[in-house]
Amino acid sequence: MSHFWKPGTEKPRIVDDEEGGVLFLSTAASSSSSSGFGYGSMEKQRQRLPVYKYRTAILYLVETHATSIIVGETGSGKTTQIPQYLKEAGWADGGRVIACTQPRRLAVQSVAARVAEEMGVKLGEEVGYTIRFEDLTNTNTTMIKFLTDGVLLREMMDDPLLTKYSVIMVDEAHERSISTDILLGLLKKIQRRRPELRLIISSATIEAKSMSAFFQTSKRRRLEGEELGPRMEPAILSVEGRGFNVQIHFAEEPVSDYVQAVVSTVLSIHNQEPMGDILVFLTGQDDIDTAVKLLNEEAQSNGKNSSGLLVLPLYSGLPRAEQELIFTPTPRGKRKVVISTNIAETSLTLEGIVYVVDSGFSKQRFYNPISDIENLVVAPISKASARQRAGRAGRVRPGKCYRLYTEEYFVNEMSAEGIPEMQRSNLVSCVIQLKALGIDNILGFDWPASPSPEAMIRALEVLYSLGVLDDDAKLTSPAGFQVAEIPLEPMISKMILSSNELGCSEEILTIAAILSIQSIWVSGRGVQKELDEAKLRFAAAEGDHVTFLNVYKGFLQSGKSSQWCHKNHVNYQAMKKVIEIRGQLRRIAQRLGIVLKSCEGDMKAVRKAVTAGFFANACRLEAFSHSGMYKTVRGSQEVYIHPSSVLFRVNPKWVIFHSLVSTDRQYMRNVISIDPSWLREAAPHFYQHQPHNAIGH
């Protein structure tokens, strides 16, 4: 097989392999009929799902209780079936809508597509979805709407009581993302004003007790003899999955390089075990791309033996066409290897998986409010996650799970549950959303898990310094409301607003679009040298943000060519997404009255706009540091420029970073050089306490 598809280029349509089987199906062929049997058998498939025998019970509970908590294993069918049962029972009659929220965008898209297919309707009509920057619904016809919890929160800004929804199903609640937790707190409030609204909280693990306690309202609403409305105490229903037995294999010795260990484990399963697909859990796009590349190289060098492997990545930034490859049935004589982030742990069900390889890690956010540093860290997963991962192997027949950590470690070191994201994140976005929804007493808000007061205070402080909150901690007008209106992190929104006065909004919109994407470069082991050379072609002395402008310009000049991207190690799919997001942001900016204007190459204006949003991330190079050590202006944390930055080893005296990532040390990602006098200009009250020598004069 000489033709491997290179990630980052346009997807091949159809590739015939030697046996005449088709390896890459065109998306048109795969999406219209994944079952290929037409409607009658689709009904049969639906009835085979474990959740089907609970259909009547679920509908009865929803009818009689304001809140129903449904605990069901991943793969029981709860996500795709319950919304359909509700529609069949009339909950979408009279123009009402059934909502089903998911923590992840990829899950929203794939589940909506599946449900539309089962109902035999066109996606975007009766069944639709909305994620940030993409709305595939029809106001007049959509009855079942899948959306991320973040999008539903934004809808509350226009309709605080979510009046068009009859039932809201909060799915995957066990993931405890920040948005899910805020949503649960707000839905509990809405229920008091709208007793007829039904909530379904669905979760893959037994957190049902604490969830139920949270929704238990102490007020006895009902008087003697009055049978008005649903009962307020939550109902709990457990749906059995039909899991098969999964054999667990632990590593004998601790693993030093889990990417390498993943590759060799996959190859040994392929060589020794009977047919069946393999699901691998890794931490993020970089690791996954590397593993895909290594496995494909092995397959090529080993000749016949590994040529039966069809290796596919799965992570949230994946383009639509590639998502569909993952769900297509495996061609005969092939073994599919899906290499995924923890998105396949509970959000998505992959049918033919028999073997799971668990690296034991995932990417998690950890925020320290004292140093005001938020890191995306590769951290060990919890026992609950490990069990979820293993369970993916027992869907179709008895399976095996290979854990790349020792049993001793699992038993003695692994924590039982993960920590809710609310308790390990920077809360700036969360606070501004609540403020925009008119919730002023944030410390008194009823949370499923209380955030730390330090993190709250820090968020209020940053929002105050951004000019988003006033002295009474209310949203400022217009800036605060405008920042809340833009669906990006507040610092980026502030940067966009400032670009208006500085006359560089066109440039800043491009930068904002690129910052909201994981990476525009194609990376991986073995291409580092070529990637660095490619970056040099675009590198700007001012830093990464200006470099992005050069890449964007080059992409447009090439006529948006995928060949150009491939030649320059630029991710073509990412650039298409940037164009799309930029278009959306442009429309939002126009709605907010921002004048669209280019600064015609005046990069000082661009750097000042970045400073206006990100002044809190300013750093100064240590005077006698040969290692390129910087100290953050607030909190004096030691940080270094990340090797992927164009300023790596250039080390300007003053810089601002977009985010930090932590491995052996704290690395700044996406760095731009600034003039320190701009800091006081941008945020006088944030920097007024700094001694004069701290900000150079």
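Residues numbered from 1 in each chain as written. Predicted model: local features only at pLDDT ≥ 70, side-chain atom pairs only at ≥ 80, totals over all residues. Heavy atoms only, no water.

## A few points about the sheet that holds strand 6 (residues 134-136)
Part 1 of the argument: Strands sit in the order 6-5-7-4-8-9-3-10 across an open sheet of 8 strands; the sheet is mixed. Across the chains shown, the open sheet's two edge strands, defined by having one partner strand only, are strand 6 and strand 10 (235-239). Averaged over all neighbouring strand pairs, the angle between strand axes comes to 20°, with direction disregarded.
Part 2 of the argument: In this sheet, strand 7 (residues 144-148) lies alongside strand 5 (residues 127-131) in parallel orientation, the contact comprising 4 bridges. (Pairing = 2+ DSSP bridges. Helix = DSSP H or I, 4+ residues; strand = E, 2+ residues; numbered from the N terminus. Axes fitted to C-alpha atoms, helices over the stretch in contact; angles between N-to-C directions.)

## A word on the packing of helix 3 (residues 55-64) against helix 4 (residues 78-88)
Part 1 of the argument: For the pair helix 3 and helix 4, interaxial distance at closest approach is 10 Å and the crossing angle is 65°. Relative to helix 4, helix 3 is oriented roughly perpendicular. Judged by the twist between their axes, the crossing of helix 3 over helix 4 is right-handed. Contacts from Arg-55, Ile-58, Leu-59 and Val-62 of helix 3 reach helix 4 at Ile-82, Tyr-85, Leu-86 and Glu-88.
Part 2 of the argument: Across the contact of helix 3 with helix 4, the residue classes tally to 6 nonpolar, no polar and 2 charged. (Parallel < 35°, antiparallel > 145°, perpendicular 65-115°, else oblique. Left-handed = near helix turned anticlockwise from the far one by under 90°. Contact = heavy atoms within 4.5 Å. Nonpolar A, V, L, I, M, F, W, Y, C, P; charged D, E, K, R; others polar.)

## With respect to the packing of aromatic side chains
Part 1 of the argument: A full pass over the atoms with the stated rule returns 13 aromatic pairs.
Part 2 of the argument: Chaining the aromatic ring pairs together yields one cluster made of Trp-521, Phe-538, Phe-555, Trp-564 and Tyr-572.
Part 3 of the argument: The positively charged end of Arg-634 is found above the aromatic ring belonging to Phe-686, 4.1 Å away from the centroid.
Part 4 of the argument: Taking the ring centre of Tyr-640 as reference, the NZ or CZ of Arg-665 above it sits at 3.7 Å. (Phe/Tyr/Trp six-rings, centres within 6.5 Å; stacked < 30°, edge-to-face > 60°. Lys NZ or Arg CZ within 6 Å of the ring centre and 35° of its normal.)

## Remarks on the side chain of Thr-80
Part 1 of the argument: With respect to the helices and strands, the residue Thr-80 is situated in helix 4.
Part 2 of the argument: Overall, Thr-80 belongs to the buried group, its relative accessible area being 15%.
Part 3 of the argument: In terms of polar contacts, Thr-80 uses its side chain to reach the side chain of Gln-81, at 3.0 Å.
Part 4 of the argument: Those residues within four positions of Thr-80 in sequence are excluded, and the remaining contacts are Leu-49, Val-111, Arg-114, Val-115 and Glu-118. (Buried < 20%, exposed > 50% of the residue type's maximum accessible area, 1.4 Å probe, protein only. Polar contact = N/O pair within 3.5 Å; in protein donor to acceptor, adjacent residues only side chain to side chain.)

## A closer look at the confidence of the model for the protein chain
Part 1 of the argument: With 90% of its residues at a pLDDT of 70 or more, the protein chain has an overall mean of 88.
Part 2 of the argument: The model gives residues 1-5 a pLDDT under 50, and that stretch makes 14 contacts with residues more than four places away or in other chains.
Part 3 of the argument: Overall, residues 12-37 carries pLDDT values under 50, and its contacts beyond four positions in sequence, including any with other chains, amount to 45 contacts. (pLDDT = per-residue confidence, 0-100.)

## Side note on the sheet that holds strand 18 (residues 399-403)
Part 1 of the argument: Taken in spatial order, the 6 strands of this open sheet run 11-18-15-12-14-13, and their pairing is parallel. Looking along the sheet, the strands with just one partner apiece sit at the ends: strand 11 (246-250) and strand 13 (309-314). On average, adjacent strands in this sheet sit at an angle of 20° to one another, irrespective of strand direction.
Part 2 of the argument: Judged from the 4 bridges that link them, strand 12 (residues 277-281) and strand 14 (residues 335-340) form a sheet pairing that is parallel. Bridge pairing links Phe-281 to Ser-340 in strand 14.
Part 3 of the argument: Across the sheet, helix 9 (residues 258-272) touches strand 12, strand 13, strand 14, strand 15 (353-358) and strand 18, and the angle it forms with strand 15 is around 155°.
Part 4 of the argument: Seen against the sheet, helix 13 (residues 383-391) touches strand 11, strand 12, strand 15 and strand 18 and runs at an angle of roughly 140° to strand 18.

## What to know about the side chain of Asn-568
Part 1 of the argument: Mapped onto the elements of the fold, Asn-568 is located in the loop between helix 22 (562-567) and helix 23 (572-591).
Part 2 of the argument: At a separation of 3.0 Å, a polar atom in the side chain of Asn-568 contacts the side chain of Arg-537.
Part 3 of the argument: Ignoring sequence-local partners within four residues, the contact set of Asn-568 consists of Trp-521, Ala-534, Arg-537 and Phe-538.

## Looking at the pairing of strand 22 (residues 654-662)
Part 1 of the argument: Across the 9 residues of strand 22, 8 count as buried, placing the element largely inside the fold.
Part 2 of the argument: Relative to strand 22, strand 17 (residues 373-380) is paired through 2 bridges, and the arrangement is parallel. Looking at the pairing, Leu-376 lines up with Val-661 of strand 22.
Part 3 of the argument: One ladder, built from 3 bridges, connects strand 19 (residues 618-621) with strand 22; its direction is antiparallel. Bridged to Arg-620 within strand 22 is Trp-654.
Part 4 of the argument: As paired elements, strand 22 and strand 23 (residues 666-673) share 7 bridges and run antiparallel to each other. Within strand 23, the residue paired with Ile-656 across the bridge is Ile-672.
Part 5 of the argument: Hairpin connection from strand 22 to strand 23: 3 residues lie between these consecutive antiparallel strands.

## With respect to the environment of Pro-254
Part 1 of the argument: You can see Pro-254 is positioned in the loop between strand 11 and helix 9.
Part 2 of the argument: Taking the C-alpha atoms as reference points, Pro-254 and Glu-125, separated by 129 residues in sequence, lie 51 Å from one another.

## A look at the packing of helix 4 against helix 5 (residues 105-119)
Part 1 of the argument: Remark: helix 4 packs on helix 5, axes separated minimally by 10 Å, with the N-to-C direction vectors making an angle of 50°. The angle between the axes of helix 4 and helix 5 places the two elements in the oblique class. Handedness of the helix 4/helix 5 crossing: right-handed. For the pair helix 4 and helix 5, the contacting residues are Thr-79, Thr-80, Gln-81, Gln-84 and Lys-87 in the first and Val-111, Arg-114, Val-115, Glu-118 and Met-119 in the second.
Part 2 of the argument: A class-by-class count of the residues in the contact of helix 4 with helix 5 yields 3 nonpolar, 4 polar and 3 charged.

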